[in-house]
Amino acid sequence: MIVCKSAAELEAMRAANQIVATVRDEVAERIRPGVTTGELDKYAEARIRELGGEPAFKGYRGFPATLCISLNEEVVHGIPSTKRRLAAGDIVGIDLGVRLGGFYGDSALTVPVPPVDEDVTRLLEATREALDLAIGQCWPGRRVGDISHAVQQHVEQAGFSVVREFVGHGIGVALHEDPQIPNFGDPGVGARLRPGMVLAIEPMVNLGDAGVEVLEDGWTAVTVDRKPSAHFEHSVAITEEGPWVLSASNGAAARGPRYAASG
Ligand code: MG
Ligand code: MG
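The present account deals with the structure reproduced in this document. Just so you know, the residues in each chain are numbered from 1, in the order the chain's sequence is written. Whichever chain is written first becomes A and whichever ligand is written first becomes 1, with later ones labelled in order. Only residues with pLDDT of at least 70 are given local features in this predicted model, and only at 80 or more are side-chain atom pairs given and counted; all residues enter the totals for whole chains, interfaces and linings. Note that water and hydrogens are dropped before the side-chain values are worked out from all heavy atoms of the structure.

Turning to empty space enclosed by the protein, a few remarks are in order. In this analysis, the protein atoms alone were mapped onto a 1 Å grid. Cavities are point sets where a 1.4 Å probe fits without being able to get out; pockets are open sets with protein on both sides within 12 Å along at least five of seven lines; lining residues have an atom within 4 Å of a point. Grid points are joined across faces, edges and corners, and a volume is the space filled by probe spheres set on the points. This structure, assessed with the given rule, holds one cavity of 30 Å³ or more. Its volume calculated, the largest cavity comes out at about 40 Å³. Lining the largest cavity, in full, are Cys 68, Ser 70, Glu 74, Val 75, Gly 93, Asp 95, Thr 110, Ser 229 and His 231. In this text, helices come from DSSP runs of H or I with a minimum length of four residues, and strands from runs of E with a minimum of two, each type numbered from the N-terminal end. Of all the elements in the fold, those that place two or more residues in the lining of the largest cavity are strand S2 (67-71), strand S3 (74-76), strand S4 (91-100) and strand S13 (229-231). Residue polarity is assigned by list, with Asp, Glu, Lys and Arg as charged and Ala, Val, Leu, Ile, Met, Phe, Trp, Tyr, Cys and Pro as nonpolar; anything else, Gly included, falls into the polar class. For the lining of the largest cavity, a count of residues per class yields two nonpolar, five polar and two charged.

As structure tokens, then:
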């Protein structure tokens with residue numbers, strides 16, 4: 001069942017997502033050679049609590065940390081560690097969830113530690129662009145398949161591949177609600193988008209083949225070919241005025257005009 005949120009509920013979700021955005025961006029600024037992923041996690045947890053929220057991932061199905069930090073060939077769900085030190089050439093996926101006032105926010109980005117290879121830079125650009133194109137589909141009357149197709153088409157045109165095993169999702173009073181939002185699919189199919197739906201859209205894109213596997217820790221998903229993978233995510237509300245990116249960086253989480261209707 002897909003839950004549509006009221007105007008007041010969307011404001012509450014914006015507040016949760018603005019903590020996500022603030023902490024996500026502050027963590028991104030702290031990414032540099034020599035920093036451990038455990039230090040970034042500790043910082044994030046303290047900041048979320050200082051801002052009045054609760055880490056959403058910590059304890060979720062037993063996940064041990066506030067952030068998922070996924071380096072290089074890690075796709076998603078990497079576990080931070082005080083033994084894992086960032087180095088030049090790494091790409092660092094940061095995924096962050098917050099609960100505030102009974103609602104969840106969820107966003108991710110992937111940050112390079114320069115210098116990185118040119119094809120890796122293109123991978124990051126293509127993944128971010130795919131998310132923007134997907135957000136451009138977030139208008140009432142469009143369908144989930146339109147979002148999926150926008151991601152897949154852009155990624156594959158750029159010469160990369162989309163991960164099949166993990167998907168985006170509805171979000172609200174639960175971290176994961178209906179509908180699932182695959183990063184591949186056909187336009188014009190799937191649930192119809194309606195005002196009040198909130199979707200966490202999250203392209204996961206591999207430089208090489210699409211295949212992924214989960215490591216023995218039971219969490220960390222990596223590419224089978226061990227080539228790099230990128231991940232970007234926003235929580236987006238469907239409104240009559242168009243997409244409202246609740247986890248946008250600008251603090252205002254401005255409505256509609258930032259993203260025009262496309263396609
Ligand atoms: Mg996430
Ligand atoms: Mg998510």
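Distances define the donors: N, O and S atoms within 2.8 Å of the metal qualify, as do those within 3.2 Å of Na, K or Ca. Water is excluded, so some sites may look unfinished. Surrounding the magnesium ion (ligand 2) are the protein donor atoms Asp 106 (OD), His 169 (NE2), Glu 202 (OE) and Glu 233 (OE), at 2.1 to 2.3 Å. For the magnesium ion (ligand 2), all donor residues lie on one chain, and their spacing in sequence is D-x62-H-x32-E-x30-E. In this structure, the magnesium ion (ligand 2) is positioned 3.2 Å from the magnesium ion (ligand 1), and both are ligated by Asp 106. Residue Asp 106 is found in strand S5 (residues 103-112), and its partner Glu 202 is found in the loop between strand S9 (198-201) and strand S10 (204-206); the two are separated by 96 residues along the sequence. A simple rule labels every residue: compare its accessible area, found with a 1.4 Å probe on the protein chains alone, to the largest value its type can have, and call it buried under 20%, exposed over 50%, or partly exposed in between. For Glu 202, a relative accessible area of 8% puts it in the buried group.

As used here, the term nonpolar core means buried Ala, Val, Leu, Ile, Met, Phe, Trp, Tyr and Cys residues forming a set that is joined through side-chain atoms within 4.5 Å. Judged by nonpolar contacts, the single largest core of 51 residues is most densely connected at Ile 31, Leu 40, Leu 67, Val 92, Ile 94, Ile 147 and Ile 201. Sorting elements by how many residues they give to this core places helix H3 (residues 118-135) first, with eight residues. Contacts are assigned to residue pairs with any non-hydrogen atoms lying within 4.5 Å of each other. Contact partners of Leu 67, with chain neighbours within four places excluded, come to Val 27, Leu 40, Asp 41, Ala 44, Gly 78, Pro 80, Ile 94, Asp 95 and Leu 96. Residues Phe 63, Phe 103, Ile 171 and Val 198 belong to the second largest nonpolar core, which totals 16 residues.

That bond from Pro 114 to Pro 115 is cis: its omega, -5 degrees, falls within 30 degrees of zero. On the secondary structure map, Pro 115 appears in the loop between S5 and H3. In this structure, Arg 61 takes a positive phi of about 50 degrees despite not being glycine. Of note, Arg 61 is situated in the loop between strand S1 (54-55) and S2. A positive phi angle is found at Arg 226, which is not glycine, with a value near 60 degrees. By the element assignment, Arg 226 lies in the loop between strand S12 (221-223) and S13.

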